[in-house]
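# Descriptive structure summary
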Amino acid sequence: MSHFQTFRREWLSNIPTELMSGLLVALALIPEAIGFSLVAGVDPKVGLYASFSIAVVTAVVGGRPAMISAATAATAVLMVTLVKNHGLQYLFAATVLMGVIQIAAGALRLGLLMKFVSRSVMTGFVNALAILIFLAQLPHLVHASWQTYAMVAAGLGIIYLFPLLTNRVPSALISIIALTAFTIFSGVKMPTVGDMGELPSTLPFFAIPQVPFNLQTLQIILPYSLAMAAVGLLESLLTATIVDDMTDTGSNKNRECAGQGVANIVTGFLGGMGGCAMIGQSVINVTAGARTRLSTFFAGGFLLFLIVVLGDWVKQIPMAALVAVMIMVSISTFNWSSVRNLRSHPLSSSVVMLATVATVVLTHDLSIGVLTGVVLSGVFFAAKVARLLGIVTERSDDGQTITYRVTGQVFFASSSSLVDAFDYQDVPPLVRIDVSEAHFWDITAIGALDDIVMKLRRHGAHVEVLGLNKASATMVERFGTHQNPEAVRSSAH
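The structure reproduced in this document is the subject of the present report. (Residues numbered from 1 in each chain as written. Predicted model: local features only at pLDDT ≥ 70, side-chain atom pairs only at ≥ 80, totals over all residues. Heavy atoms only, no water.)

For the rest of this paragraph, the subject is helix 9 (residues 171-186). Residues spaced three or four apart along an α-helix point in a common direction, a consequence of the helix completing one turn every 3.6 residues. Under the 1.5 Å per step criterion, the end-to-end length of helix 9 is 22 Å for 16 residues, consistent within 8% with the ideal 22 Å. Residues S171, A172, L173, S175, I176, L179, T180 and T183 constitute the buried set of helix 9. Buried residues belonging to helix 9 abut helix 2 (15-40), helix 8 (146-161) and helix 15 (319-333). Looking at the residues trailing helix 9, positive phi occurs at G187, about 75°. (Helix = DSSP H or I, 4+ residues; strand = E, 2+ residues; numbered from the N terminus. Expected span 1.5 Å × (residues − 1). Buried < 20%, exposed > 50% of the residue type's maximum accessible area, 1.4 Å probe, protein only. Contact = heavy atoms within 4.5 Å.)

What follows is about the packing of helix 6 (residues 88-107) against helix 11 (residues 253-269). Contact geometry for helix 6 and helix 11: axes closest at 7 Å, N-to-C directions at 160°. Of the possible angle classes, the one that applies to helix 6 and helix 11 is roughly antiparallel. When the axes of helix 6 and helix 11 are compared, the crossing they make is left-handed. Contact with helix 6, carried on its side by F92, T95, V96, M98, G99, V100, Q102, I103, A105 and G106, involves N254, C257, A258, Q260, G261, V262, N264, I265, G268 and F269 of helix 11 and no other residues of that element. (Axes fitted to C-alpha atoms, helices over the stretch in contact; angles between N-to-C directions. Parallel < 35°, antiparallel > 145°, perpendicular 65-115°, else oblique. Left-handed = near helix turned anticlockwise from the far one by under 90°.)

This paragraph deals with the side chain of T292. Note on placement: T292 falls in the loop between helix 12 (279-287) and helix 13 (293-308). Here L294 takes part through its backbone nitrogen, which lies 3.2 Å from a polar atom of the side chain of T292. Those residues within four positions of T292 in sequence are excluded, and the remaining contacts are R9, E10, W11, S13, E18, P65 and A66. (Polar contact = N/O pair within 3.5 Å; in protein donor to acceptor, adjacent residues only side chain to side chain.)

Below, the discussion takes up the pairing of strand 5 (residues 430-440). Side-chain positions along a regular strand alternate between the two faces of the sheet. Counting buried positions along strand 5 yields eight of eleven residues, so the element is predominantly enclosed. As defined by bridge partners, strand 4 (residues 401-410) adjoins strand 5 across nine bridges and the pair is classed as parallel. Looking at strand 5, one finds that V410 is bridged to F440. As judged from the five bridges shared by strand 5 and strand 6 (residues 462-466), these two strands associate in the parallel manner. Bridged to I433 within strand 6 is V465. For the crossover that starts at strand 5, traverses helix 20 (residues 443-458) and ends in the parallel strand 6, the hand is right-handed. (Pairing = 2+ DSSP bridges. Right-handed = clockwise from strand over helix to strand, strands pointing away.)

We now examine helix 15. For helix 15, spanning 15 residues, the distance from its first C-alpha to its last is 21 Å, which sits close to the expected 21 Å at 1.5 Å a residue. Burial runs high along helix 15: 13 of the 15 residues are buried.

Moving on: the nonpolar core. One broad rule of soluble globular proteins: the nonpolar side chains tend to lie buried together. Residues I30, F125 and M273 are the most contacted members of the largest nonpolar core, which totals 100 residues. If near-sequence neighbours (up to four positions away) are discounted, I30 is found in contact with L48, V193, L199, L303, L306, I307 and V314. Within the second largest apolar cluster, 26 residues are counted, among which are L418, Y424, I433 and V435. (Core = buried A, V, L, I, M, F, W, Y, C linked by side-chain atoms within 4.5 Å.)

Moving on, we come to the sheet that holds strand 6. Spatially, 3-4-5-6 is the arrangement adopted by the four strands of the open sheet, whose pairing is mixed. At either margin of the open sheet sits one strand with a lone partner, and together these are strand 3 (390-395) and strand 6. The mean inter-strand angle of the sheet, taken between neighbouring strand axes irrespective of direction, is 15°. Packing of helix 20 onto the sheet brings it into contact with strand 4, strand 5 and strand 6, and relative to strand 5 it is tilted by some 175°.

A few words on the pattern of salt bridges. Per the stated rule, a full pass over the model turns up eight salt bridges. In this structure, D244 engages K253 in a salt bridge whose closest nitrogen and oxygen atoms are separated by 2.8 Å. You can call K253 buried: its relative accessible area is 16%. Residue E464 pairs with R432 through a salt bridge whose shortest N-O separation is 3.2 Å. (Salt bridge = Lys/Arg side-chain N within 4 Å of Asp/Glu carboxyl O.)

See below:
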């Protein structure tokens, strides 16, 4: 495919839908960015500038078209202590370093690590995020007036019923416009976007963080930058995979790592906080029909236009309208079939999914939840493979020879079973260990083979290991001890 065809596919396909989707996302980003700024303990403009910058830059250099990246809660919670103890300028410096680390991750092709995240972990991640999105709306609903509940209900009604008339315009956008117009002209008093925080009235500008350029500064910001880079990449790569599934298209995960890094470097120099991909806004964008980079670029650009030029109008948007949109997002994001599949899927898969959901919801930390799920997946997989190890014993008619035929995978989880399968009491003069149908994966497996051979030799047997494949033989040659002449002589005494 030529560069022009690629550009046309990624930027110029179905332009009206892309612009409408971007407009809807821009409106949804405003309260989120303000809220995340407050979480981090910084001025709302820091989160708003970050959302503009990250969205625009990732639209150009990122690896997943139509995915929305901006200031997020996942990274905001990691900044609190840094801002409190060292100030805003150190946050900007940490954001720049965060970007450098992410570019390095892309260069090292760490995006390939997504292959080790199982479907159960992905499902748990999505479900947990859907629950967190819904829980984040509760502060706007608890102890609210009946007008707020009525507005949220009306917003949800428009969102789900308007598509029966037409799909040319995103129903969520119609809901926001209709409810805003109603509150303005009816004079109903209820919380608005303006109540969340002061919107900036000036454009962001380039500035180098005002911190000392020395080793002490690096020691201060490096731990925060590493944590933000890791969490940001994890959430971005998981979100990219989800958007891949929703759109039936692929993405370049390593390019996304580097793209996130470039975006955070630019953001740090523009006075913004670090961010990453946002699954909620990405779902809004894709559900509204977006498929190209144009929607992401327009979302970021129009966000800046909204807050700087149309700030007086944006302030009047009722929070109930945006709450309705986010409730729709949480409902759409949750994988409802996973609840039905709890009975039919393997128990281990269900445990991994539920553990991921529970950990994320309890800790509000996506990285811990996903790490929990990945570790459990690895444990269950290792246990399953270990059970496939088989040992068959054949003794000669004269009782002078015994052959152990080993089949399956020998590694740290199955090595103890291999050792226990041998009889070290009734040992004939000749013992053959046939491993032609087995594979030795690690030094624990090689150590187990050494233990078996040395034990049998101590009981007077001559031991022959037969059928090692090339890879296993290389492992034995490098790490094994039983084949060494000194080991043979010492076991004979």
